[in-house]
Amino acid sequence: MSARREPPCPSRRVALKVLGAGAATAAGSLLAGRSLAEPAEPTESAGFWSFFRTHYKEMTRGEVDAMLARLERKYSRRHKQPVKVVNTPAPDGVLFGFALSLERCKGYRDCVHACVKENNLGRNPEMQYIRVLEIDRGEVKLAGAVHEYDHPTVPAEGKAYLPVQCFQCDDPPCVDACPIDATWMEPDGIVVVDYDHCIGCRYCMTACPYWARRFNWTTPSVPVGELNPDTHYLGNRPRPGGVVEKCSYCIQRTRQGRQPACQEACPTGARVFGNLLDPDSEIRYVLEHKTVFRLKEELSTEPKFWYFTD
Amino acid sequence: MARGAEIVAVVLLLGACEPTRPAELPKQATGDVRRISTVASTAAPAPPPRAPDFTLAPRDAGVGAGEYHPCTECHEAGDEVDRRPRVLEDDHDDLKLVHGTGKIWCLDCHHPEERDALLGARGEAVPFAQPHRACGRCHAGVARDFAFGVHGRREGNWRGERVLLSCLACHRAHDPAIAPRRPASGPTPRADLPQPVHHHEPTRLHRAIEGGER
Amino acid sequence: MTILMRFALDSLRVMLRGGPRYYALLAVLVLGVLVGLAAYVQQLQHGLIVTGMGDQVTWGVYIANFTFLVGVAAAAVMVVIPAYVFGDAEMKRVVLIAEAMAVAACALALLFVIVDLGRPDRMLNIVPLLSHVNFPRSLLAWDVVVIPGYLVINLVIPAAVLFANYRGRTLSHRRMMPVILLAILWAIALHVVTAFLYVADVAKPFWHSPLLGPRFLASAFASGPALLLGVLHVLDAVTSLRLSDGVRRLLANITAIALQINLVMLAAEIFTELYRPTEHSLSARYLFLGLGEADGLVIWIRAAIAMEVTAVAILMVPRLQRATAPLLCACALTVFGVWIEKGMGLVVPGFIPTPLGEVVEYVPTMVETLVSLGLWCLGTLIFVLLARPIIAINEGVLGENP
């Protein structure tokens, strides 16, 4: 359970921060392109002031609630529609896992676009969490896979399709890489990013062997009216520019018991999602009865995403 | 036949990249994922006794939704039934039975006496609304996967009440193969950066297999 | 007024006063910094989208420069060891210059990381002790500890030595030794940590090689002394500082040997990658041979190897090594060769192809180039300003009782 820890010693922390921040106030504000007089809205993308913010995992419930309310006001104003930001915690006794049937995936890419809409991915240029690779039948070789395939109809002759997204590794190299704990694995196994803490060094991106992380090279924009207003703090809420993001197994849906958007969009039912700790779950049925493999298993990253065949 | 070959091909293809059955995963590890794999290894290969309960999602969309006409509109109960497989020339000439490539005919799936029903695994009458029970007559493995939510699709949630898509949400009964179609648009490379270069070198083996000679 | 204050003010005065040529140099450097700053403001306004980096190649010329500069900073030990540990009198005369170069390189390395950040405004999030730092798991967190630490060490030791010289005294060898040893170990650690930043990356087979750490050290100990030798030649020509033959010979020899060790290791890497190329060798193939149409770095890396080989050839012929022009030429070839080889030639191919096999090349944009040039001007400026009082005090022009 993600029982929120109380901050160990808030006063000392604050004191240290004030000391350090005093010296750097001018520089920080300059960099953020803001005046010194700007009031603190700590969790807005306003970077410099976010330094005064406690790390998300150490916030008290009151602090989190106040922050979420502030974010809701801000997003609603900006997107001209009511936006909800929740932080539903990880459900007890749940470890999320995914399986994908290589026989049933036909390369339609419906999952890619459902994901873009559900997760409010930036459209300028369009960010996509899922990459569907077209590979030659007879091999599973990533080098030489075609990413931009476009045929009158798929599946194209002699081709197979291998969708790749964040596998929520159980031993994630990206989390080790982050110098500031801006990304971590939640108790339900989802690797999340705190967009208001990330400094955008992109070391996590280099560390990912599955090319699952994306960076906001500019401030991402979603056209007014196209925003999915049901958002999670660690998931699909609108992101600031200059930070890293990734697939969260649709944390905003799955933590409420719903299926992820890609599963829902798959026209062939190739995607199986569920609780790895539940012996009666679909995902466990796959692991126990199908031939499965994981990508780059030799790297010991322990992806919680299996490809299977009947 | 072609599909069978395809499955074999995929299995072979996976053999080349060291498929790991759950049972073969290291057991000494501590992570949750490995723990599951260990559990899996002790559970396999005996099939679980019974699939959890499910209901079918209402078919308000999908292949052939809304095209249903009760057979009893014409075939009355008690009519004599000609059980000989034959080409239907007078009526049903609009029906093209692609399913089974000529090896099956109407009464292999439709109940001969109860005309508004399908034929179940033990010859029992199965309502049209429960097609998986009829399909399971031949496709037993698929039917089991379906019941466990692994073939087809579980709708809406991953926990709680299980609602599955009906077989007919994806497959047309008389022509079940899913028609190929155009894929949705692909990735959008940034125009201001160098464009992706496709680099693929067929190996000598590749060329030999494709060309049919060395 | 305490002596310390006078020392500081005197140093400052020397920094800011000089002949017309000195002012012209400062003006050029400041102009360069301003141009870089203007480009950086562009980047701050629009985000890193104005760079040539993208989701495929996520690090570019900034991190390449960072890597090279950390090596230059670490290479100061090649002067520190003979000067302080072996008490070589001639090296002692230039050791402060070497340390000033380390300070400038260190500061510059840090700045190159900062301009690479997507959210430089959140920079304080990474300050150790003040924030939530993922130490010791993240190698980047190690770098954040090691680089400022090295910067401080290289500011404190020379400042103490210089202050003592200013007062006409010398520091006791015994009292300095522990700090000197710390500085030496720290320098090695500095560069090994930076190498491990790459080596730790299991996702990038091109970097995930145990040879990378030693290669980093060898190329650093070649490029650092070569750069210093070039700089000392310039200082010899335009200031009262004199470059003795002994220093010249020692630095040239260090460069020659380190460069050969580097080339041997490079050859070993090339053999390992290309004898039976696997899928993990694709980055090396991209770098050295090109992958089909994608061959942007091939000419660069081949030029770099040619430069390093030529530099070795010059440095290993005593007659050429003794002559100024060939020696300076060898220094320049070494610096540029290593800059290419362990900068762009190391960072960029790691991303090509991506872990999913996509091949997208990288070309720095004008903004990136200008920001980089501006930072190099800033680094040079820092070095020039530090070198002024060092030379003035060491040559006896400046002191408590000059």
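The structure presented is a predicted model; accordingly, all values stated were derived computationally and were not measured.

**With respect to the overall build of chain C**
Part 1 of the argument: Within chain C one finds 14 helices and 0 strands.
Part 2 of the argument: Starting at the N terminus and ending at the C terminus, chain C contains elements arranged as α-α-α-α-α-α-α-α-α-α-α-α-α-α.
Part 3 of the argument: Looking at chain C as a whole, 58% of its 402 residues are labelled buried.
Part 4 of the argument: Surface exposure of chain C reaches about 16,200 Å², of which carbon and sulfur atoms provide 71%.

**A closer look at the pairing of strand β2 (residues 96-101) of chain A**
Each regular strand shows side chains that alternate between the opposite faces of the sheet.
Residue and element names in this part refer to chain A.
Part 1 of the argument: The buried count for β2 comes to 6 of 6 residues, which makes it a mostly enclosed element.
Part 2 of the argument: Neither face of β2 is open: one carries Phe 96, Phe 98 and Leu 100, the other Gly 97, Ala 99 and Ser 101, and all of them are buried.
Part 3 of the argument: Two elements, β2 and strand β10 (residues 271-275), share 5 bridges in a ladder whose sense is antiparallel. Bridging across to β10, Leu 100 finds its partner in Arg 271.
Part 4 of the argument: Here β2 pairs with strand β12 (residues 305-309) via 4 bridges, running parallel. For Phe 98, the partnering residue across the bridge sits in β12 and is Phe 305.

**A look at the packing of helix α4 (residues 77-85) of chain C against helix α7 (residues 173-199) of chain C**
Residues and elements named next belong to chain C.
Part 1 of the argument: Where α4 contacts α7, the two axes come as close as 10 Å, and the packing angle between them is 160°. Classified by the angle their axes make, α4 and α7 are roughly antiparallel. Here α4 and α7 pass one another in a crossing that is left-handed. Of α7, the residues touching α4 (which contributes Val 77, Val 80, Ile 81, Tyr 84 and Val 85) are His 173, Met 176, Met 177, Ile 180, Ala 183, Ile 184 and Ala 187.
Part 2 of the argument: In terms of residue class, the contact of α4 with α7 is built from 11 nonpolar, 1 polar and no charged.

**Concerning the interface of chain C and chain A**
Part 1 of the argument: Taken together, the contact between chain C and chain A spans 51 residues of the former and 60 residues of the latter.
Part 2 of the argument: Its largest share of buried area at the contact with chain A, chain C owes to Arg 122, His 132 and Leu 356 of chain C, together 18% of the area lost on that side.
Part 3 of the argument: Between Glu 358 of chain C and Arg 131 of chain A there is a salt bridge whose closest N-O contact spans 3.0 Å.
Part 4 of the argument: The tally of links between chain C and chain A comes to 32 residue pairs in polar contact (both at pLDDT 80 or more).
Part 5 of the argument: Contributions of two or more residues to the side of chain C that touches chain A are made by α2 (20-46), α6 (139-166) and α7 of chain C.

**Structural notes on a negative patch on the surface**
All names here are of chain B.
Part 1 of the argument: Taken together, the side chains of Glu 89, Asp 90, Asp 91, Asp 93 and Asp 94 make up a negatively charged region of the molecular surface.
Part 2 of the argument: With respect to the helices and strands, the residue Glu 89 is situated in the loop between β1 (55-56) and β2 (117-119).
Part 3 of the argument: Relative accessible area serves as the criterion here: at 64%, Glu 89 is assigned to the exposed category.

**Description of the sheet that holds β2 of chain A**
All names here are of chain A.
Part 1 of the argument: With mixed pairing, the 4 strands of this open sheet are ordered in space as β10-β2-β12-β11. Lying at the two open borders of the sheet, with one neighbouring strand each, are β10 and β11 (291-293). For this sheet, the mean angle separating the axes of adjacent strands, direction not counted, is 30°.
Part 2 of the argument: Relative to the sheet, helix α9 (residues 282-289) contacts β2, β10, β11 and β12, its axis offset from that of β10 by approximately 110°.

**A closer look at the packing of α6 of chain C against α7 of chain C**
Residues and elements named next belong to chain C.
Part 1 of the argument: Orientation of α6 relative to α7, taken along the N-to-C sense of each, is 150°, at an axis distance of 9 Å. When the axes of α6 and α7 are compared, the pair comes out roughly antiparallel. For the pair α6 and α7, the sense of crossing is left-handed.
Part 2 of the argument: Here the residues of the contact of α6 with α7 are counted per class, giving 22 nonpolar, 2 polar and 1 charged.

**Comments concerning the confidence of the model for chain B**
All names here are of chain B.
Part 1 of the argument: In this model, chain B carries an average pLDDT of 78, and 73% of its residues clear a pLDDT of 70 or more.
Part 2 of the argument: Below a pLDDT of 50 lies the segment residues 1-32, which in the model reaches 47 contacts outside its immediate sequence neighbourhood of four places, other chains included.
Part 3 of the argument: Every residue in residues 34-43 scores below 50 in pLDDT, and together they form 18 contacts with partners more than four places removed in sequence or on other chains.

**Things to note about the environment of Thr 254 of chain A**
Part 1 of the argument: Relative to the assigned elements, Thr 254 of chain A resides in helix α7 (residues 251-254).
Part 2 of the argument: With relative accessibility at 0%, the residue Thr 254 of chain A sits in the buried group.
Part 3 of the argument: Note: C-alpha distance between Thr 254 of chain A and Phe 96 of chain A (158 residues apart in sequence) is 8.7 Å.
Part 4 of the argument: In this view, Thr 254 of chain A contacts Phe 96, Ile 190, Tyr 249, Gln 259, Pro 260 and Phe 273 of chain A together with Trp 158 of chain B; residues no more than four positions away in its chain are not counted.

**Observations regarding the nonpolar core**
Part 1 of the argument: Membership of the largest hydrophobic core comes to 155 residues, with the highest contact counts inside it found for Tyr 84, Ile 97, Tyr 198, Leu 232 and Phe 383 of chain C.
Part 2 of the argument: The leading source of residues in this core is helix α5 (residues 89-116) of chain C, at 18 residues.
Part 3 of the argument: Look past the residues within four positions of Leu 232 of chain C in its chain and what remains in contact with it is Val 94, Ile 97, Leu 241, Leu 243, Val 247 and Leu 251 of chain C.
Part 4 of the argument: Formed by 64 residues, the second largest nonpolar core is a distinct cluster that contains Leu 71, Leu 102, Cys 262 and Tyr 307 of chain A.

**A word on the interface of chain A and chain B**
Part 1 of the argument: Facing the 76 residues of chain A at the interface are 58 residues of chain B.
Part 2 of the argument: Summed over both sides, the interface between chain A and chain B buries roughly 5,700 Å², with carbon and sulfur atoms accounting for 55% of that surface.
Part 3 of the argument: Of all residues in chain A, Tyr 108, Glu 282 and Tyr 285 of chain A give up the largest surface area on contact with chain B, accounting jointly for 12% of the area buried on that side.
Part 4 of the argument: Our count for the contact surface shared by chain A and chain B stands at 5 salt bridges.
Part 5 of the argument: Between Asp 150 of chain A and Arg 182 of chain B there is a salt bridge, with the nearest N and O atoms lying 3.1 Å from each other.

Rules behind the numbers
Residues numbered from 1 in each chain as written. Chains lettered and ligands numbered in written order. Predicted model: local features only at pLDDT ≥ 70, side-chain atom pairs only at ≥ 80, totals over all residues. Heavy atoms only, no water. Helix = DSSP H or I, 4+ residues; strand = E, 2+ residues; numbered from the N terminus. Buried < 20%, exposed > 50% of the residue type's maximum accessible area, 1.4 Å probe, protein only. Areas by Shrake-Rupley, 256 points an atom, 1.4 Å probe, with all protein chains shown as cover. Pairing = 2+ DSSP bridges. Axes fitted to C-alpha atoms, helices over the stretch in contact; angles between N-to-C directions. Parallel < 35°, antiparallel > 145°, perpendicular 65-115°, else oblique. Left-handed = near helix turned anticlockwise from the far one by under 90°. Contact = heavy atoms within 4.5 Å. Nonpolar A, V, L, I, M, F, W, Y, C, P; charged D, E, K, R; others polar. Buried area = accessible area lost by both parts, 1.4 Å probe. Salt bridge = Lys/Arg side-chain N within 4 Å of Asp/Glu carboxyl O. Polar contact = N/O pair within 3.5 Å; in protein donor to acceptor, adjacent residues only side chain to side chain. Patch = residues over 30% accessible without salt bridge, like charges linked within 9 Å, V, L, I, M, F, W, Y side chains within 5 Å. Lys, Arg positive; Asp, Glu negative; His and termini not counted. Charge placed at Lys NZ, Arg CZ, Asp CG, Glu CD. pLDDT = per-residue confidence, 0-100. Core = buried A, V, L, I, M, F, W, Y, C linked by side-chain atoms within 4.5 Å.

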